[in-house]
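One letter stands for each residue in the lines below.
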Amino acid sequence: TSDPKEVQRVFSDEWSKKVFNLPRAKPNFEEFKNEYGRFIPHVPYQGGLISGNDMYKVIQGMRKTVPGLDGWRVHEPKLLGLAAWNQRARIVAVQAAKGKVPSNYKQVSTPMLSKVARTEIIMDHRGLAIFSILWRTESGAWYQKLSGWQEEWLPPGMHGARPGHECLNSA
(Lines give C-alpha, C1' and ligand atoms only; values in the text may rest on other atoms or scores of the structure.)
Protein backbone atom coordinates (compact mmCIF):
# COMPACT_ATOMS: atom_id res chain seq x y z
CA THR A 1 0.00 0.00 0.00
CA SER A 2 1.06 3.58 -0.48
CA ASP A 3 -1.78 5.13 1.52
CA PRO A 4 -0.10 6.81 4.56
CA LYS A 5 -2.95 5.87 6.92
CA GLU A 6 -2.78 2.23 5.83
CA VAL A 7 1.01 2.19 6.16
CA GLN A 8 0.68 3.58 9.69
CA ARG A 9 -1.99 1.01 10.61
CA VAL A 10 0.07 -1.93 9.29
CA PHE A 11 3.20 -0.63 10.99
CA SER A 12 1.38 -0.17 14.30
CA ASP A 13 -0.23 -3.61 14.11
CA GLU A 14 3.07 -5.34 13.37
CA TRP A 15 4.95 -3.51 16.10
CA SER A 16 2.25 -4.05 18.68
CA LYS A 17 2.26 -7.82 18.00
CA LYS A 18 6.00 -8.32 17.59
CA VAL A 19 7.52 -5.71 19.87
CA PHE A 20 5.24 -3.92 22.32
CA ASN A 21 3.22 -6.92 23.50
CA LEU A 22 6.14 -9.24 24.11
CA PRO A 23 6.42 -10.47 27.70
CA ARG A 24 9.46 -8.77 29.17
CA ALA A 25 10.88 -8.15 32.55
CA LYS A 26 11.45 -4.54 33.50
CA PRO A 27 15.11 -3.56 33.19
CA ASN A 28 16.96 -3.93 36.46
CA PHE A 29 19.99 -1.67 36.82
CA GLU A 30 21.52 -3.72 39.65
CA GLU A 31 21.51 -6.86 37.47
CA PHE A 32 22.99 -4.87 34.58
CA LYS A 33 25.67 -3.37 36.85
CA ASN A 34 26.56 -6.78 38.29
CA GLU A 35 26.92 -8.26 34.81
CA TYR A 36 28.58 -5.41 32.94
CA GLY A 37 29.76 -2.95 35.59
CA ARG A 38 33.40 -3.93 35.20
CA PHE A 39 33.30 -2.64 31.60
CA ILE A 40 31.88 0.76 32.54
CA PRO A 41 34.42 3.32 33.74
CA HIS A 42 33.53 5.04 36.99
CA VAL A 43 35.14 8.45 37.26
CA PRO A 44 33.22 10.61 39.75
CA TYR A 45 32.86 14.26 38.77
CA GLN A 46 34.95 16.43 41.07
CA GLY A 47 34.90 19.69 39.10
CA GLY A 48 32.33 21.60 41.12
CA LEU A 49 29.89 24.17 39.81
CA ILE A 50 30.53 26.70 37.09
CA SER A 51 32.03 29.98 38.25
CA GLY A 52 31.51 33.58 37.29
CA ASN A 53 34.81 33.45 35.43
CA ASP A 54 33.63 30.39 33.45
CA MET A 55 30.50 32.25 32.32
CA TYR A 56 32.41 35.47 31.64
CA LYS A 57 34.76 33.63 29.27
CA VAL A 58 31.83 32.03 27.44
CA ILE A 59 29.89 35.27 26.96
CA GLN A 60 32.98 37.10 25.76
CA GLY A 61 33.45 34.43 23.08
CA MET A 62 29.86 34.64 21.80
CA ARG A 63 29.02 36.31 18.53
CA LYS A 64 25.93 38.34 17.73
CA THR A 65 22.81 36.17 17.90
CA VAL A 66 19.06 36.60 17.85
CA PRO A 67 17.62 37.49 21.28
CA GLY A 68 15.68 34.89 23.23
CA LEU A 69 12.19 35.40 24.60
CA ASP A 70 13.71 37.30 27.52
CA GLY A 71 14.85 40.00 25.05
CA TRP A 72 18.54 39.92 25.98
CA ARG A 73 21.04 40.29 23.15
CA VAL A 74 24.66 39.13 23.39
CA HIS A 75 26.16 42.63 23.39
CA GLU A 76 24.31 43.53 26.62
CA PRO A 77 25.65 40.78 28.92
CA LYS A 78 29.07 41.12 27.26
CA LEU A 79 29.28 44.55 28.88
CA LEU A 80 28.86 43.07 32.37
CA GLY A 81 32.05 42.77 34.37
CA LEU A 82 33.36 39.73 36.19
CA ALA A 83 31.72 40.88 39.45
CA ALA A 84 28.27 40.56 37.84
CA TRP A 85 29.05 37.05 36.60
CA ASN A 86 30.28 36.08 40.07
CA GLN A 87 26.85 37.13 41.37
CA ARG A 88 25.22 35.05 38.61
CA ALA A 89 27.30 32.07 39.76
CA ARG A 90 25.65 32.39 43.18
CA ILE A 91 22.25 32.10 41.47
CA VAL A 92 23.45 29.06 39.51
CA ALA A 93 24.54 27.45 42.80
CA VAL A 94 21.04 27.96 44.25
CA GLN A 95 19.48 26.53 41.07
CA ALA A 96 21.73 23.47 41.30
CA ALA A 97 20.90 22.96 44.98
CA LYS A 98 17.15 23.28 44.39
CA GLY A 99 17.14 21.48 41.03
CA LYS A 100 15.09 24.27 39.44
CA VAL A 101 15.76 26.87 36.75
CA PRO A 102 13.91 30.03 35.71
CA SER A 103 10.74 29.51 33.70
CA ASN A 104 12.20 31.33 30.68
CA TYR A 105 14.66 28.44 30.30
CA LYS A 106 11.67 26.25 29.44
CA GLN A 107 10.37 28.56 26.71
CA VAL A 108 12.14 28.47 23.36
CA SER A 109 11.22 30.52 20.33
CA THR A 110 11.47 28.67 17.00
CA PRO A 111 11.28 31.02 14.03
CA MET A 112 11.11 29.28 10.66
CA LEU A 113 13.84 30.46 8.30
CA SER A 114 13.42 30.12 4.57
CA LYS A 115 16.04 27.95 2.79
CA VAL A 116 14.71 29.16 -0.56
CA ALA A 117 13.95 32.83 -1.27
CA ARG A 118 10.29 33.89 -1.19
CA THR A 119 8.69 30.53 -0.54
CA GLU A 120 5.66 29.51 1.46
CA ILE A 121 6.36 25.76 1.18
CA ILE A 122 6.97 24.47 4.71
CA MET A 123 9.62 21.93 3.67
CA ASP A 124 11.69 24.80 2.24
CA HIS A 125 12.12 26.17 5.78
CA ARG A 126 14.12 25.16 8.81
CA GLY A 127 13.41 25.86 12.44
CA LEU A 128 15.95 27.82 14.46
CA ALA A 129 15.70 27.40 18.24
CA ILE A 130 16.39 30.64 20.09
CA PHE A 131 17.37 30.11 23.73
CA SER A 132 17.86 32.64 26.50
CA ILE A 133 21.33 34.24 26.43
CA LEU A 134 21.77 33.28 30.08
CA TRP A 135 20.95 29.65 29.31
CA ARG A 136 23.41 29.61 26.42
CA THR A 137 26.05 31.21 28.61
CA GLU A 138 25.54 28.81 31.50
CA SER A 139 25.27 25.71 29.32
CA GLY A 140 28.40 26.78 27.45
CA ALA A 141 30.26 27.12 30.75
CA TRP A 142 29.00 23.70 31.86
CA TYR A 143 30.11 22.19 28.54
CA GLN A 144 33.61 23.64 28.95
CA LYS A 145 33.84 22.27 32.48
CA LEU A 146 32.31 18.84 31.79
CA SER A 147 34.17 18.21 28.54
CA GLY A 148 37.46 18.06 30.48
CA TRP A 149 36.00 15.49 32.88
CA GLN A 150 34.55 13.54 29.95
CA GLU A 151 38.05 13.13 28.52
CA GLU A 152 39.04 11.25 31.68
CA TRP A 153 36.70 8.35 30.96
CA LEU A 154 35.76 8.29 27.26
CA PRO A 155 37.51 5.57 25.28
CA PRO A 156 40.08 6.86 22.76
CA GLY A 157 38.07 5.46 19.82
CA MET A 158 35.01 7.59 20.65
CA HIS A 159 34.69 10.47 18.18
CA GLY A 160 32.26 13.35 17.65
CA ALA A 161 31.18 16.05 20.12
CA ARG A 162 34.72 16.09 21.50
CA PRO A 163 37.44 18.67 20.96
CA GLY A 164 39.90 17.32 18.40
CA HIS A 165 37.75 14.25 17.63
CA GLU A 166 35.66 14.75 14.52
CA CYS A 167 33.22 12.02 13.49
CA LEU A 168 35.41 11.44 10.40
CA ASN A 169 38.20 10.27 12.73
CA SER A 170 36.26 7.06 13.30
CA ALA A 171 36.82 6.13 9.65
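Please read these numbers as outputs of a predicted model, since none were measured by experiment. (Residues numbered from 1 in each chain as written. Predicted model: local features only at pLDDT ≥ 70, side-chain atom pairs only at ≥ 80, totals over all residues. Heavy atoms only, no water.)

S.K.: Would you mind going over the overall build of the protein with me for this structure?
M.R.: Regarding its fold elements, the protein presents 6 helices and 2 strands. In sequence order, the secondary structure elements of the protein are arranged as α-α-α-α-α-β-β-α. Taken over C-alpha atoms, the radius of gyration comes to 23 Å for the protein, far larger than the 16 Å a tight globule of 171 residues would show. Along the three orthogonal principal directions, the C-alpha set of the protein runs to about 60 × 55 × 40 Å. Here the protein, with 171 residues, has 18% of them falling under the buried criterion. Taking the intrachain contacts of the protein between residues at least 6 apart in sequence as the baseline, contacts between residues at least 24 apart amount to 56%. Surface exposure of the protein reaches about 13,200 Å², of which carbon and sulfur atoms provide 59%. Considering the protein, the positive charge centre built from 24 side chains and the negative charge centre built from 16 side chains are found 7 Å apart. (Helix = DSSP H or I, 4+ residues; strand = E, 2+ residues; numbered from the N terminus. Rg over C-alpha atoms; globule rule 2.2 N^0.38 Å. Buried < 20%, exposed > 50% of the residue type's maximum accessible area, 1.4 Å probe, protein only. Contact = heavy atoms within 4.5 Å. Areas by Shrake-Rupley, 256 points an atom, 1.4 Å probe, with all protein chains shown as cover. Lys, Arg positive; Asp, Glu negative; His and termini not counted. Charge placed at Lys NZ, Arg CZ, Asp CG, Glu CD.)

S.K.: Is there a simple way to explain the environment of Lys57 in this structure?
M.R.: Considering the arrangement of structural elements, one finds Lys57 in helix 3 (residues 52–61). In this structure Lys57 comes out as exposed when scored by relative accessible area, which is 56%. Between the C-alpha atoms of Lys57 and Lys98, which are 41 residues apart in sequence, the distance is 25 Å.

S.K.: Whenever I open this one, the nonpolar core confuses me. Can you help?
M.R.: With 13 residues, the main nonpolar core has Ile50, Met55, Ile59, Met62, Trp85 and Ala141 as its most contacted residues. At the level of elements, helix 3, helix 5 (82–98) and helix 6 (133–153) are the ones that each hand at least two residues to this core. Leaving out residues up to four positions away in the same chain, Ile50 has contacts with Met55, Ala89, Val92, Glu138, Ala141, Trp142 and Lys145. (Core = buried A, V, L, I, M, F, W, Y, C linked by side-chain atoms within 4.5 Å.)

S.K.: Would you explain the packing of aromatic side chains in this entry?
M.R.: For any two aromatic rings, the description comes down to two numbers: the centre-to-centre distance and the angle of the planes. Under the defined criterion, the tally for this structure stands at 5 aromatic pairs. For the pair Phe32 and Tyr36, a centre-to-centre distance of 5.2 Å together with 45° between the ring planes defines the contact as tilted. Note that Phe32 and Tyr36 are positioned in helix 2 (residues 29–36) at a spacing of 4 residues, about one turn of the helix. Judged by its relative accessible area of 38%, Phe32 falls in the partly exposed class. A relative accessible area of 41% places Tyr36 in the partly exposed class. (Phe/Tyr/Trp six-rings, centres within 6.5 Å; stacked < 30°, edge-to-face > 60°.)

S.K.: How should unusual backbone geometry be read in this particular structure?
M.R.: Most peptide bonds take the trans configuration, and most residues that are not glycine carry a negative phi. Positive phi outside glycine occurs at Arg118, with the angle close to 50°. Along the polypeptide, Arg118 turns up in the loop between strand 1 (112–114) and strand 2 (125–127).

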